Each structure stands twice: as C-alpha cells, then as structure tokens.
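An overview of the molecular structure
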Amino acid sequence: MKHTLKSVSALAATLITFGSLAGGANGAIITFNGNQPDGNTFTTLTTYVENGFTLTNTAGVNLLVDNDFSGAGISSIDDDALANDGSTSIFTMTFGGGAFNLLSLEHIGAFGESGTYSVIGTLVGGESVSDSFSFFAGILNTHTFTNFNNLTSAEFASDSGGVSSVLDNINVVAVPEPSSALLLGLVALGLVGRRRRD
C-alpha cells in the first residue's frame, strides 16, 4: 500500500513537471522594443518578426513601429509599439514553429481617437474563434483573450476606418508540437517505471 502511494505521488509530481515543461516554457511577449531609433519617426514594414512570431500586413496596409508617441497624445507608452495609421485591415499573426495561444495585449487610442478592434483566430482544426475590444483616446488598457488556444493564425482588424491606435506587449505562448509532448510523456512514464522497480 505504501509502495502504491509512493508511485502515485511520484506520478503526480512527474505530471506536474511535465505540464510545466509542455505549457509554460514557450511563453513570449511581443514588445516591438529595440527596433526604432530615437525620435518621433515610424519604421514602415510589410512584415515584423519577434520571438518566432510573424506579423504580416494585409490588404497592402503597412505595419508602423514607433518609439515616441508624445505627438499622438500618448504618454503612457514610452517604448516601441505597433501603430495603426487609420487603415481598416491591419495584420495577421502566425508562429513559425506551429500553433500558439494568444493571451492578451495592451491597446490605446491615438490622436484623441477611439474605436474597436476585431480579432479572428483560426484553430488548428480549421474552426475559428472571434473577439473584439474597444480602445479609447489616451487610455492604456489590457485586453485578455478567452479560448484563443491552438491557433494557426490570428487576424487583427480595426472596425473603425480612419481611426489611429497603438498595440503593444502582445502576450503569446507557443504550443509544443505533439512529438515533443509525446517525448516528454515517455520520459515521464520512464521515470515512474524506474521508481517502481526501485
């Protein structure tokens, strides 16, 4: 009986460790930092890559990365961030290593303007999830996404044409490939089997 309890405890500890390795080790925050020289100037890009995540313009809309938003009436963002110059369709996010979870981001309206974003996530199986949030002039807020897990892509679009906004600190987690998860699981089972023999 004591041996069984020890095995169960060992299995539980191993699974907790496995869960930490599989779920928490691949988190990243897309900060846009360090990509812009000093001064209130935009860097215009068709794609932006950070931590293995790629943001690609859609419908010919450029990605604008800036590090000084004082001219846009924003003092709460003091480093590089992604700016929308008022275009309707913004960008699509993908991860080069496969699937990812979209957790949260910061957002604020620029030039005294407010509006709404829509986000559509495409799941690994082909289904989709959607969410939206409002941004307000000069007010920095955080939006948390629900059920935006195992995505192959996420499309961000402004529902407010001609309205400027800024996004920053996009919180994402890369989902381990099934083969990696399987390997970790086999290691966990091997450890449990070894403890039982001991």
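Everything below is about the structure printed above this text.
The model shown is predicted, which means the values in this text are computed figures rather than measured ones.

**What about the side chain of Asn101?**
Tracing the sequence through the fold places Asn101 in strand S8 (residues 100–109). Overall, the relative accessible area of 16% leaves Asn101 in the buried class. One polar contact links the side chain of Asn101 to the main-chain amide nitrogen of Asn150, over a distance of 2.8 Å.

**Re the pairing of S8**
The two faces of the sheet receive side chains in turn, since in a regular strand these alternate between them. For S8, the tally of buried residues reaches eight of 10 residues, placing the bulk of the element in the interior. Relative to strand S11 (residues 141–144), S8 runs antiparallel, the two being bridged by four bridges. By the bridge assignment, Ser104 is partnered in S11 with Thr144.

**Here we look at the side chain of His143**
Assignment of secondary structure puts His143 in strand S11. Residue His143 is classed as buried on the basis of its relative accessible area, which comes to 14%. A polar contact is formed between the side chain of His143 and the side chain of Asp131, at a distance of 2.8 Å. Once you skip the residues sitting within four places of it in the chain, His143 turns out to touch Leu103, Ser104, Leu105, His107, Asp131, Ser132 and Phe133.

**Some points on the nonpolar core**
Ile30, Leu55, Met93, Phe100, Leu102, Phe156 and Val172 are the most contacted members of the largest nonpolar core, which has 32 residues in total. Counting residues in hydrophobic clusters, the runner-up holds six residues, among them Ala81, Ile108, Ala110 and Val166.

**Quick word on the environment of Asp131**
For Asp131, the position within the fold is in strand S10 (residues 128–135). A relative accessible area of 23% places Asp131 in the partly exposed class. Ignoring any residue separated from it by four or fewer positions in sequence, one finds Asp131 in contact with Tyr117, Ser118, Val119, His143, Thr144, Phe145 and Phe148.

Procedures and definitions
Residues numbered from 1 in each chain as written. Predicted model: local features only at pLDDT ≥ 70, side-chain atom pairs only at ≥ 80, totals over all residues. Heavy atoms only, no water. Helix = DSSP H or I, 4+ residues; strand = E, 2+ residues; numbered from the N terminus. Buried < 20%, exposed > 50% of the residue type's maximum accessible area, 1.4 Å probe, protein only. Polar contact = N/O pair within 3.5 Å; in protein donor to acceptor, adjacent residues only side chain to side chain. Pairing = 2+ DSSP bridges. Contact = heavy atoms within 4.5 Å. Core = buried A, V, L, I, M, F, W, Y, C linked by side-chain atoms within 4.5 Å.

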